[in-house]
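Observations on the model geometry
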Number of protein chains: 2
Amino acid sequence: MTEPDIFYILGNKVRRDLLSHLTCTECYFSFLSSKVSVSSTAVAKHLKIMEREGILKSYEREGPFIGPARKYYDIAISKTYVTTVTPNLFWYRGLDLNESPIEKVNVDLTQIPMEHESFLEMVSSFLELSSELEKILLALQVIESRRDRLMKELKERYLKEIGDMTQLAILHYLLLTGEATVEELSDRLNLKEREVLVKAQELDRFVPLIIKDGTIKIDEDKLKQKLGGVEYAGENKGRG
Amino acid sequence: MTEPDIFYILGNKVRRDLLSHLTCTECYFSFLSSKVSVSSTAVAKHLKIMEREGILKSYEREGPFIGPARKYYDIAISKTYVTTVTPNLFWYRGLDLNESPIEKVNVDLTQIPMEHESFLEMVSSFLELSSELEKILLALQVIESRRDRLMKELKERYLKEIGDMTQLAILHYLLLTGEATVEELSDRLNLKEREVLVKAQELDRFVPLIIKDGTIKIDEDKLKQKLGGVEYAGENKGRG
């Protein structure tokens, strides 16, 4: 797949919805088909396009019950894409999420002047800003690599220890979005709203949540208390 | 335009090419049409789609010669989009490029453990990484705002002082990509390769370039020399 083809893939809502479900749990065809609001023919077409473009790979595996093998799909790429569109700039870049060892990035724009006497000073400042941009992109790449790896571990651990796919789907959504309304989760997971609430209450036994006024989020204070607040010196940094 | 519709717009090569030309110079219909390799009917269709989606705006203005007014196009959005696609994560975000006053960002991942005993520790680390991600996105937003503003000033200044659109187009491309081959520039600007070389040599009188083995880039050392190397204390930082 050449880089910008990802835009074509992401340019369709059904494909975006399918990708969302695929990041959360193991998905076979009829499961995916039940989660989106288009015909199974359309789902098959979108999955085929994404498989052809190398975004997805599929494999067959026996289901838990007697019957034909099911076709499962997995996302086959690990990338972050950045693009800027303004009247003066247009560029895009795909970053491979292979974890690199960089752990600290300092971006400092105070040295780069805001006003310029000469044209060459402007060129020089633009090059300086571009070099700070490269540092930012590197940091983005490292953070997303780590979040990807950690989410993988989280999913595996949750399924092993608790084993409830719907609770995991709620947790996955909350971790990615910060918070969610019951309606959003109901649409996303194709559940009734009262089912979302029941599942969220079950999840709350393992991961402290704030469920209030139709909104659900992770209770970070309670989480810190549970962890004893001593293990991570950096716990309070940058959160506010 | 809802956020992800930008992916639909960017999912087409002709539209991407049109956007590239639009960021570089003032563009009227027949100019744009001459720069891409599809029919003018197709160009009209793509411009119409982008105008309808709010990506472009158009206005009419008299040309330099007697004749009907020309229709010009401008990019009407200023945004950076970030999206991650992995087997475990899928999200996207549009960042508005309104300059914010933040000038320093420190991202420090050393406090966030790589290995975790308990499930809750994993959740906590994921939240920490997400909070560092927010800082990165903020920094990205600030840098792209500044690059956008500076590129606008650069374009205006160059046109006022030197006035050659093709030289400016070469400079614009070099500033965005770091370096370019003569072939790339020839394709991008729809010029013959020897014309690119002539224009690059003209540009070199104003902005020092290295033109060597069919590759063109800005001569940063010479640029620093020309600027006296004293005006920016931070000149050498982060470039290497």
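Our structure's up above, just so we're on the same page.
Our subject in this report is the structure included herewith.

**Looking at the overall build of chain A**
- Helix and strand counts for chain A stand at nine helices and nine strands.
- By its C-alpha atoms, chain A is 75 × 50 × 35 Å across when sized along the principal axes.
- Split into buried and exposed, the 240 residues of chain A put 51% on the buried side.
- Across chain A, every contact between residues at least 6 apart in sequence was considered, and the portion connecting residues at least 24 apart equals 49%.
- With an accessible surface of roughly 11200 Å², chain A has 49% of that area assigned to carbon and sulfur atoms.

**A closer look at the interface of chain B and chain A**
- Chain B puts 102 residues into the contact, and the matching count from chain A is 102 residues.
- In this assembly, chain B packs against chain A so that about 9900 Å² is buried in total across both faces, 64% of it on carbon and sulfur atoms.
- Broken down residue by residue, the surface that chain B buries against chain A is led by Asn 88, Phe 90 and Phe 119 of chain B, which jointly contribute 8%.
- Taken together, the links from chain B to chain A amount to two salt bridges.
- Here Lys 104 of chain B makes a salt bridge to Asp 108 of chain A, at a shortest N to O gap of 3.9 Å.
- Linking chain B with chain A are 32 residue pairs in polar contact (both at pLDDT 80 or more), by the criterion used here.
- Secondary-structure elements contributing two or more residues to the side of chain B that touches chain A are helix H1 (5–10), helix H2 (13–24), strand S4 (79–85), strand S5 (90–96), strand S6 (104–108), helix H5 (119–161), helix H6 (165–177) and helix H9 (220–226) of chain B.

**Brief notes about helix H7 (residues 182–189) of chain B**
Residues and elements named next belong to chain B.
- Within H7 the residues assigned to the buried category are Val 182, Leu 185, Ser 186 and Leu 189. With its buried residues spanning 105 degrees around the axis, H7 presents them on a single face.
- Where H7 is buried, its residues meet helix H3 (29–35), H6, strand S7 (179–181), helix H8 (193–204) and strand S9 (215–218).
- The positive-phi residue at the C-terminal boundary of H7 is Asn 190, with phi of around 55 degrees.

**Comments concerning unusual backbone geometry**
Residue and element names in this part refer to chain B.
- Look at Asn 190: it is not a glycine, yet its phi comes out positive at around 55 degrees.
- For Asn 190, the position within the fold is in the loop between H7 and H8.
- Notably, Asp 213 is not glycine yet its phi reads approximately 50 degrees, a positive angle.
- Tracing the chain through its elements places Asp 213 in the loop between strand S8 (209–212) and S9.

**So, the side chain of Thr 83 of chain A**
- Structurally, Thr 83 of chain A is set in strand S4 (residues 79–85).
- Owing to a relative accessible area of 2%, Thr 83 of chain A belongs among the buried residues under this scheme.
- A polar side-chain atom of Thr 83 of chain A sits 2.8 Å from the main-chain carbonyl oxygen of Trp 91 of chain A.
- Once residues lying within four places of it in the same chain are set aside, the contact partners of Thr 83 of chain A are Phe 7, Phe 90, Trp 91 and Tyr 92 of chain A together with Leu 10, Lys 79, Thr 80 and Tyr 81 of chain B.

**A word on the pattern of salt bridges**
Residues and elements named next belong to chain A.
- Scanning all chains against the criterion turns up 26 salt bridges over all chains.
- One salt bridge in this structure joins Lys 135 and Glu 132, with 3.2 Å as the shortest N-O distance. Of this pair, Lys 135 and Glu 132 both sit in helix H5 (residues 119–161), separated by three residues, roughly a single helical turn.
- The class of Lys 135 is partly exposed, set by a relative accessible area of 21%.

**Section: the packing of helix H6 (residues 165–177) of chain A against helix H7 (residues 182–189) of chain A**
Residues and elements named next belong to chain A.
- The N-to-C vectors of H6 and H7 enclose an angle of 120 degrees; their axes lie 11 Å apart at closest approach. Between H6 and H7, the interaxial angle falls into the category oblique. Considering the relative orientation of H6 and H7, their crossing is right-handed. In contact with Ala 169, Ile 170 and Tyr 173 of H6, H7 contributes Glu 184, Leu 185, Arg 188 and Leu 189.
- Here the contact of H6 with H7 is built from residues that sort into five nonpolar, no polar and two charged.

**Considering a negative patch on the surface**
- Together, Glu 183, Glu 184, Asp 187 and Glu 193 of chain A make up a negatively charged patch on the protein surface.
- Of all the elements, H7 of chain A adds the most residues to the negative patch, at three residues.

**Details of the environment of Asp 5 of chain B**
- Structurally, the position occupied by Asp 5 of chain B is in helix H1.
- Spatially, the C-alpha atom of Asp 5 of chain B lies 10 Å from that of Met 50 of chain B, the residues being 45 residues apart in sequence.

**Quick notes on the packing of aromatic side chains**
- Under the defined criterion, the tally for this structure stands at 15 aromatic pairs over all chains.
- Here the aromatic rings of Phe 7 of chain A and Phe 7 of chain B are separated by 6.4 Å at their centres, their planes lie at 15 degrees, and the arrangement is stacked. In this pair, Phe 7 of chain A is assigned in helix H1 (residues 5–10) and Phe 7 of chain B in helix H1, connecting two distinct chains. For the pair Phe 7 of chain A and Phe 7 of chain B, a shared accessibility class is recorded, and that class is buried.
- Ring geometry for Tyr 28 of chain A against Tyr 72 of chain A: centres 5.6 Å apart, planes inclined by 70 degrees, an arrangement best described as edge-to-face. Taken together, the positions of Tyr 28 of chain A in strand S1 (residues 27–28) and Tyr 72 of chain A in strand S3 (residues 70–75) put the pair 44 residues apart, joining distant regions of the chain. Comparing Tyr 28 of chain A with Tyr 72 of chain A, the two get one shared label, buried.
- Taken together through their ring pairs, the aromatic side chains of Phe 7, Phe 90 and Tyr 92 of chain A together with Phe 7, Phe 90 and Tyr 92 of chain B make up a single cluster.
- A cation sits over an aromatic face here: Arg 70 of chain A above Tyr 28 of chain A, 3.8 Å from the ring centre.
- Between Arg 15 of chain B and the ring centre of Tyr 8 of chain B, over which it is positioned, the NZ or CZ distance is 4.9 Å.

Criteria and thresholds
Residues numbered from 1 in each chain as written. Chains lettered and ligands numbered in written order. Predicted model: local features only at pLDDT ≥ 70, side-chain atom pairs only at ≥ 80, totals over all residues. Heavy atoms only, no water. Helix = DSSP H or I, 4+ residues; strand = E, 2+ residues; numbered from the N terminus. Buried < 20%, exposed > 50% of the residue type's maximum accessible area, 1.4 Å probe, protein only. Contact = heavy atoms within 4.5 Å. Areas by Shrake-Rupley, 256 points an atom, 1.4 Å probe, with all protein chains shown as cover. Buried area = accessible area lost by both parts, 1.4 Å probe. Salt bridge = Lys/Arg side-chain N within 4 Å of Asp/Glu carboxyl O. Polar contact = N/O pair within 3.5 Å; in protein donor to acceptor, adjacent residues only side chain to side chain. Arc of directions from axis to C-beta. Axes fitted to C-alpha atoms, helices over the stretch in contact; angles between N-to-C directions. Parallel < 35°, antiparallel > 145°, perpendicular 65-115°, else oblique. Left-handed = near helix turned anticlockwise from the far one by under 90°. Nonpolar A, V, L, I, M, F, W, Y, C, P; charged D, E, K, R; others polar. Patch = residues over 30% accessible without salt bridge, like charges linked within 9 Å, V, L, I, M, F, W, Y side chains within 5 Å. Lys, Arg positive; Asp, Glu negative; His and termini not counted. Charge placed at Lys NZ, Arg CZ, Asp CG, Glu CD. Phe/Tyr/Trp six-rings, centres within 6.5 Å; stacked < 30°, edge-to-face > 60°. Lys NZ or Arg CZ within 6 Å of the ring centre and 35° of its normal.

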